[in-house]
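Chain by chain, the residues run as shown.
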Amino acid sequence: MIGFGSRVFRFSEWLVDGDGSMRALLGGKGSGLAEMCRLKIPVPPGFTISTAVCNFWLEHGRLPAGVDEEIAAAVEWLEDCTGRKLGDPADPLLVSVRSGAAISMPGMMDTVLNVGLNEACCQGLARRSGSRRFALDSYRRLLQMFGEIVLQIPRARLDSLLPDQRSCAASALSEGILEPLVAELKRAIQFATGHPFPVVPRAQVAMAIEAVFRSWRCERARCYRRLHGIEETLGTAVTIQAMVFGNRGEKSGTGVGFTRHPSTGERLVFGEFLANAQGEDIVAGNTTPSPLDVLARTMPYVHRQLVAMAEQLETHYRDVQDFEFTVEEGRLFLLQTRAAKRSAVAAIRTAVEMANEKLISRDEAIGRITPRMLQEVLAPQLDVGDAEVQPLTQGLAASAGAACGQIALSSHEAVRMAEEGLSVILVTEETTADDIHGMAAAAGFLTSRGGATSHAAVVARGMGKCCITGAQAVVIDAQAATVRIGGATLRAGEWLSLEGNTGRAFEGKLPLRPADAQDPHLQTLLGWARQANGNSVRANADTPEDACRALAEGAAGIGLCRTEHMFFAPERLPHMRAMILAVSQEERLRELNELLPMQQTGFEEMFRIMSGRPVTIRLLDPPLHEFLPSRDELDGEITSARREEDWDLATTLEKMRERAAALGESNPMMGHRGCRLSITSPEILHMQVAAILQAALRVRDQGYTPEPEIMVPLVASEEEMSTLAGMIRKTAAEVFAREGTTLAYRIGSMIELPRAALVADAIAVHVDFLSFGTNDLTQMTYGFSRDDSRTYIDPYIERKILTADPFVTVDRKGVGALMELAIRSAKGVHPGVKIGVCGEHGGDPASIEYFYSIGVDYVSCSSSRLATAQLAAAQAARTRASAMQISHDRLPATEAHFANASRGTSLVPGAAPV
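The rules behind each value
Here, residues in each chain are numbered from 1, in the same order as that chain's written sequence. The predicted nature of this model means local features are confined to residues of pLDDT at least 70 and side-chain atom pairs, given and counted, to a pLDDT of 80 or more, with totals for whole chains, interfaces and linings taken over all residues. Only hydrogens and water are removed before side-chain values are computed, so all heavy atoms of the structure are retained for them. Runs of E in the DSSP output that reach at least two residues are strands. Runs of H or I that reach at least four are helices, and both are numbered from the N terminus. Residue contacts are counted whenever heavy atoms from the two residues lie within 4.5 Å of one another. Using the Shrake-Rupley algorithm and a 1.4 Å probe, accessible areas are obtained, with residue cover drawn only from the displayed protein chains. Counted as positive: Lys and Arg. Counted as negative: Asp and Glu, with His and the chain ends omitted from the count. The atom standing in for a charge is NZ when the residue is Lys, CZ when it is Arg, CG when it is Asp and CD when it is Glu. Within this scheme, the nonpolar core is defined by two criteria: the residues are buried Ala, Val, Leu, Ile, Met, Phe, Trp, Tyr or Cys, and they are joined through side-chain atoms within 4.5 Å. Throughout, exposure labels follow a simple rule: accessible area from a 1.4 Å probe, protein chains only, divided by the maximum for the residue type, with under 20% read as buried, over 50% as exposed, and the rest as partly exposed. Here a polar contact is recorded for every N or O atom pair within 3.5 Å, except that within protein the pair must consist of a potential hydrogen donor and a potential acceptor, and residues adjacent in sequence are included only if both atoms are side-chain atoms. Between any two strands, pairing holds if DSSP finds at least two bridges. Axis angles are defined between N-to-C directions and span 0 to 180 degrees, where every axis is a line fitted to C-alpha atoms and, for a helix, only to the segment in contact. Counted as salt bridges are all cases of a side-chain nitrogen of Lys or Arg within 4 Å of a carboxyl oxygen of Asp or Glu. In this scheme Phe, Tyr and Trp rings, the latter by its six-membered ring, pair at centre separations within 6.5 Å, and the angle between planes marks the pair as stacked below 30 degrees, edge-to-face above 60, and tilted otherwise. Charges are assigned to positions over rings by a cutoff of 6 Å between ring centre and Lys NZ or Arg CZ, combined with an angular limit of 35 degrees from the ring normal. Working rule for angles: under 35 degrees goes down as roughly parallel, over 145 as roughly antiparallel, 65 to 115 as roughly perpendicular, anything else as oblique. Rotating anticlockwise by less than a right angle from the far helix to the near helix defines a left-handed crossing, while the corresponding clockwise rotation defines a right-handed one. Note that Gly is not counted as nonpolar here; it falls among the polar residues with everything else outside the nonpolar set of Ala, Val, Leu, Ile, Met, Phe, Trp, Tyr, Cys and Pro and the charged set of Asp, Glu, Lys and Arg. Within a predicted model, pLDDT stands for the predictor's per-residue confidence, ranging from 0 to 100. To estimate the expected span of a helix, subtract one from its residue number and multiply by 1.5 Å. The directions considered for the arc are those from the helix axis to the C-beta atoms.

1. Quick word on the overall build of the protein
Line of reasoning, step 1. For the protein, the count of helices and strands is 36 helices and 31 strands.
Line of reasoning, step 2. Here the C-alpha coordinates of the protein stretch approximately 110 × 70 × 50 Å along the principal axes.
Line of reasoning, step 3. For the protein, the share of sequence-separated contacts (at least 6 apart) that also reach a separation of at least 24 residues comes to 69%.
Line of reasoning, step 4. Accessible surface, the protein as shown: approximately 36900 Å² in total, 51% of it carbon and sulfur.
Line of reasoning, step 5. Put simply, the protein has 93 plus and 111 minus side-chain charges, and the middle of one group is 5 Å from the middle of the other.

2. Here we look at the nonpolar core
Line of reasoning, step 1. Counting 93 residues, the largest nonpolar core has Phe607, Leu693, Ile728, Leu770, Phe772 and Met819 as the members making the most contacts within it.
Line of reasoning, step 2. What Ile728 contacts, discounting residues up to four positions off in sequence, is Leu619, Leu685, Val689, Ile710, Val712, Tyr745 and Ile747.
Line of reasoning, step 3. Counting 86 residues, the second-largest nonpolar core is a separate cluster that includes Ile71, Met145, Val424 and Leu426.

3. Concerning the side chain of Asn247
Line of reasoning, step 1. Relative to the helices and strands, Asn247 is located in the loop between strand 5 (236-242) and strand 6 (253-258).
Line of reasoning, step 2. In terms of polar contacts, Asn247 uses its side chain to reach the side chain of Asp137, at 3.0 Å.
Line of reasoning, step 3. Polar contacts involving the side chain of Asn247 include one to the side chain of Gln278, which spans 3.2 Å.

4. Focus: the sheet that holds strand 5
Each strand in a sheet pairs with its neighbour through backbone hydrogen bonds, running either in the same direction (parallel) or in the opposite one (antiparallel).
Line of reasoning, step 1. The antiparallel open sheet is built from 5 strands, whose spatial order is 1-2-5-3-4. Every other strand in the sheet has two partners, leaving strand 1 (8-11) and strand 4 (111-115) as the edge strands with one partner each. The mean angle between the axes of side-by-side strands here comes to 20°, regardless of whether they run parallel or antiparallel.
Line of reasoning, step 2. Sheet contacts for helix 3 (residues 67-82): strand 1, strand 2 (46-49), strand 3 (95-101) and strand 5; angle to strand 2, the most-contacted strand, approximately 160°.
Line of reasoning, step 3. Across the sheet, helix 8 (residues 201-215) is in contact with strand 2, strand 3, strand 4 and strand 5; its angle to strand 5 comes to roughly 150°.

5. Quick word on the sheet that holds strand 26 (residues 614-618)
Line of reasoning, step 1. Read around the barrel, 8 strands follow the order 24-25-26-27-28-29-30-31 and close on themselves; strand pairing throughout is parallel. Along the sheet, successive strands turn relative to each other by an average axial angle of 25°, direction set aside.
Line of reasoning, step 2. Judged from the 3 bridges that link them, strand 25 (residues 558-562) and strand 26 form a sheet pairing that is parallel. Bridged to Ile558 within strand 26 is Val615.
Line of reasoning, step 3. Its contacts with the sheet place helix 33 (residues 812-829) against strand 29 (769-772) and strand 30 (834-837), and it is angled at close to 180° to strand 29.
Line of reasoning, step 4. Relative to the sheet, helix 34 (residues 845-853) contacts strand 24 (537-540), strand 30 and strand 31 (858-861), its axis offset from that of strand 31 by approximately 155°.

6. Describing the pairing of strand 20 (residues 488-491)
Line of reasoning, step 1. In strand 20, alternate side chains face the same way, and those of Ala488 and Leu490 are buried while those of Thr489 and Arg491 on the opposite face are not.
Line of reasoning, step 2. Bridge count for strand 19 (residues 482-485) against strand 20 is 4 bridges, and the pairing is antiparallel. Residue pairing across strands places Thr482 opposite Arg491, the latter belonging to strand 20.
Line of reasoning, step 3. Taking the residues that link successive antiparallel strands as the turn, the strand 19-strand 20 hairpin has 2 residues, and the phi of Gly486 there is positive, at about 65°.

7. With respect to unusual backbone geometry
Most peptide bonds adopt trans geometry, and most residues besides glycine take a negative phi value.
Line of reasoning, step 1. Notably, Asn276 is not glycine yet its phi reads approximately 55°, a positive angle.
Line of reasoning, step 2. In this model, Lys358 sits at a positive phi of 65°, which is unusual for a non-glycine residue.
Line of reasoning, step 3. Here Lys358 is to be found in the loop between helix 13 (344-356) and helix 14 (362-367).
Line of reasoning, step 4. The class of Lys358 is exposed, set by a relative accessible area of 71%.

8. Here we look at the pattern of salt bridges
Line of reasoning, step 1. Summed over all chains, the structure comprises 46 salt bridges.
Line of reasoning, step 2. Between Arg132 and Glu179 there is a salt bridge, and its shortest N-O distance comes to 2.7 Å. With Arg132 in helix 5 (residues 132-150) and Glu179 in helix 7 (residues 175-193), this residue pair connects regions lying 47 residues apart in the sequence.
Line of reasoning, step 3. For Glu179, a relative accessible area of 37% corresponds to the partly exposed category.
Line of reasoning, step 4. Overlapping salt bridges bring together Arg260, Arg267, Glu314, Arg349, Glu353 and Glu357 as one network.

9. Considering the pairing of strand 22 (residues 504-507)
Line of reasoning, step 1. One ladder, built from 2 bridges, connects strand 12 (residues 393-394) with strand 22; its direction is antiparallel. Among the inter-strand pairings, Gln394 is bridged to a residue of strand 22, identified as Arg504.

10. Quick word on the environment of Val415
Line of reasoning, step 1. Mapping Val415 onto the fold places it in helix 16 (residues 411-419).
Line of reasoning, step 2. Here the alpha-carbon distance between Val415 and Thr82, two residues 333 residues apart in the chain, equals 48 Å.
Line of reasoning, step 3. If we skip the residues at most four places from it in the chain, Val415 touches His437, Gly438 and Ala441.

11. Looking at the packing of aromatic side chains
Line of reasoning, step 1. Under the defined criterion, the tally for this structure stands at 13 aromatic pairs.
Line of reasoning, step 2. The interplanar angle of 40° and the centroid separation of 6.4 Å between the aromatic rings of Phe258 and Phe270 together place this pair among those described as tilted. Of this pair, Phe258 sits in strand 6 while Phe270 sits in strand 7 (residues 270-275), placing them 12 residues apart in sequence.
Line of reasoning, step 3. Judged by its relative accessible area of 1%, Phe258 is buried.
Line of reasoning, step 4. Seen in terms of ring centroids, Tyr850 and Phe851 are 6.3 Å apart; in terms of plane orientation they differ by 50°. Their pairing is tilted. Considered together, Tyr850 and Phe851 belong to a single accessibility category, that of buried residues.
Line of reasoning, step 5. Each member of the aromatic cluster is reached from another via a ring pair, and the members are Tyr782, Phe784, Tyr792 and Tyr796.
Line of reasoning, step 6. Its end group placed over the ring of Trp77, Arg10 keeps NZ or CZ at 5.7 Å from the ring centre.
Line of reasoning, step 7. For Arg225, the ring lying beneath its charged end belongs to Trp216, and the centroid distance is 3.8 Å.

12. Regarding helix 34
Line of reasoning, step 1. For helix 34, the set of buried residues is Pro845, Ser847, Ile848, Tyr850, Phe851 and Tyr852.
Line of reasoning, step 2. Directly after helix 34, the chain includes Gly855, whose backbone phi takes a positive value near 105°.

13. Regarding the packing of helix 27 (residues 682-701) against helix 28 (residues 718-739)
Line of reasoning, step 1. Running from amino to carboxyl end, helix 27 crosses helix 28 at an angle of 45°, the nearest separation of the two axes being 9 Å. Between helix 27 and helix 28, the angle falls in the class oblique. Of the two possible hands of crossing, helix 27 and helix 28 adopt the one that is right-handed. On the side of helix 27, the interface is formed by Pro682, Leu685, His686, Val689, Ala690, Leu693, Gln694 and Leu697, while helix 28 contributes Leu724, Met727, Ile728, Thr731, Ala732, Glu734, Val735, Phe736, Arg738 and Glu739.
Line of reasoning, step 2. Looking at the contact of helix 27 with helix 28, its residues break down into 12 nonpolar, 3 polar and 3 charged.

14. Here we look at the environment of Ala403
Line of reasoning, step 1. Structurally, the position occupied by Ala403 is in strand 14 (residues 402-408).
Line of reasoning, step 2. Under the relative-accessibility criterion, Ala403 is labelled buried at 5%.
Line of reasoning, step 3. For the pair Ala403 and Gln381, spaced 22 residues apart in the sequence, the C-alpha separation amounts to 8.1 Å.
Line of reasoning, step 4. In contact with Ala403, other than residues within four places in its own chain, are Ile425, Ala443, Gly444, Cys466, Leu496, Ser497 and Leu498.

15. Let's talk about the confidence of the model for the protein
Line of reasoning, step 1. Considering every residue of the protein, the mean pLDDT works out to 87; 91% of them sit at 70 or more.
Line of reasoning, step 2. Predicted confidence for residues 1-5 stays below pLDDT 50, and this span has 9 contacts to residues more than four positions away or in other chains.
Line of reasoning, step 3. Long-range and interchain partners of residues 891-914, a stretch whose pLDDT sits below 50, account for 45 contacts in this model, where long-range means more than four residues apart.

16. Structural notes on helix 12 (residues 300-317)
Line of reasoning, step 1. Helix length check: helix 12, at 18 residues, gives a terminal C-alpha distance of 26 Å against a target of 26 Å (1.5 Å per residue), a fit within 8%.
Line of reasoning, step 2. Taken as a whole, helix 12 has its buried residues at Val302, His303, Leu306, Met309, Ala310, Leu313 and Glu314. Looking straight down helix 12, one finds its buried side chains confined to an arc of 135°; they lie on one side. Among the exposed residues of helix 12, those oriented more than 90 degrees off its buried face are Tyr301, Arg304, Glu311 and Thr315.
Line of reasoning, step 3. Packed against the buried residues of helix 12 are helix 1 (23-38), helix 11 (292-298), strand 9 (321-328), strand 10 (331-339) and helix 13.
Line of reasoning, step 4. Of the residues trailing helix 12, Arg318 is marked for its positive phi of about 60°.

Pasting the structure below:
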């Protein structure tokens, strides 16, 4: 035997060279077939040519030395297994030649069935099977697939020879139609290529293998890999397998199944079956198949076998499986198994239920859900409850979710419209692998043919997009650029709304409503995620209403409360403006005394809502002129006051205009704001700290457990932080002396300036926590204005100058390097200092993964992003522990460092430790 186990791997009932762990070498299909053979599941015998051979062929344009001989030996072995011979007119062996990458790419690469047929073998197959119609149908399939895939003849040219201008299921073509059709296909091949169809079976096999290798680089496969981030260097394996025939009559057929429902996650074997057909018929979507219930009625024994095998596969792989099967004259064979593409709703339900069934652990369940899945589940749904609107049609609910967009009748049009910034619904009879670019551009898909396991359905679930298939009331007129859906005729470009959960399509652009976030499986998963991440995800909340939403979403506390938002309330803004306009210290203090109880009331509500959870309150940050009307507004109000002869108001407004002009700055982002306000106007800091601590004492007396954290913004130096920490402690001492009691509180600094990151060790000795304001840190590091950068960031990304928007996903090389340096140095002098992130990056999953890897203890984000942040934090938790330990082991831990660190405590004598 020549070199088996190196580049060619056999599988059969009796002998298996590979196994399920060899995906990288055998691809998903080859490794799955090998593993099923080891499980004694009936699989037609065959062999797999490894991905290494594919990569060599792609690089050199030929097979490696000796592989031809290995393939020839494997063919002889397969002939011995089956008792048939390739090219034998009396009893021909036919094979399928299938692609199979390590990462599933459904429908993106090529497969050729019935390889080995020629005129003589077709006659032999007819004699052996007793059906000339079956033999001719198999032959015309080979001619079509070989012509398109191997000889690269445009599919439309071959399809045009078929009745009804499209490929048909086997049962639709009689022997009388097939005989001349085969002859016409042969003539079309000769005309297109200048050569007759190759009749030597071994040559067909060799050409088909190379065609499958070549399909790795076809545009649709490249597009799919770009969309899903799959490496170009992986290559595809090729599996050559003895044919079993689903097109041998009514006791034969082909099907696709799932061990659980791919749209809902319900625990039942779900799938579709097409009698008297081959596998490509059901996947292509040109015929709508029947549910597996039909198989249960027509072939109950086969159905029972299938259900048993499905359960065996799921138990073995510990995941939902997507499997393909063929029934040949009542005998069942499985042709593939792989992890199933499923909707986000189904993914969450199956992960939770499998964990409850002890099939997987809770950690595994959390790891199987991506942040994108959560975003899909929590995305708005069509609001049709109160609207008197009737659906145009109802098809199969192939992929959940909702989509509203303007109709595109081709993938080319979908891409063009999307490039114009339009939301698009792709409406077609069916989708093929060549439509991948249009499917990527569209918000959702509607097809008139195909089932829940067709190409459109599988790809939609993989992309997380809404899809309705098999909507038979959809009739497209490509020439007129219209589509008739039920009783309505719509033009391309008109609005259409899809409800993927029910399979209904509606005319127009329907309103959206928030998704139901109380799904019990989702809530269970998020509960596990919070446990796994140590409740380390807080929320940004500026008002009690915000805090209530955050608590309802499971926030571990408030990581950023921007106090300036409280000053903009209608009853408070006049006092804030009066304080700014005050010409004497006495006037300023009077207005601040008016504001103090208002702030205190707000803080009391926040502390009650978040009892037992930290509430991080940022001292006043924006420049004072932001609280004053703009010059244009003031000019208008002054003119109006004069017109009304309200001279006192006009005088006040004129003073306000003068004060606003005096406070105006050329570059307010780097102006008189943040901690600079507290230093130049310490009475503002005094009022805010007093309001915070008095509120905490008040609610503690009411039985709540407040955890106040006072955060200083825009710190750039140790001297600033030392000065302000002293001011905060002095104010706290005054409050506690006046109230006759004490309270634990924490002082922290924001790190949002590059200099602060560089001197974080000096700042850290004065505080209990550091919180990175990554929005400003990104602005200051790049010199980009977050509010004005859109005009150049998009071109930068298009030209690959930037790989991502740094305001969406944190820049690891620059901003991240500053963060790492800051964390290392701060922990070096103050090992117990807490590290947080409160910028927008705190809700970005990719950024969260990075933050936890460098030693961040918690992140804070808006309530709408809490769920995805909690999941991302849970998934980072396991790696975080080891990374933190490695980082900590490298830090100095001398007595001097710990002595310095102790100066950062914010406890007064007698207070409980924090």
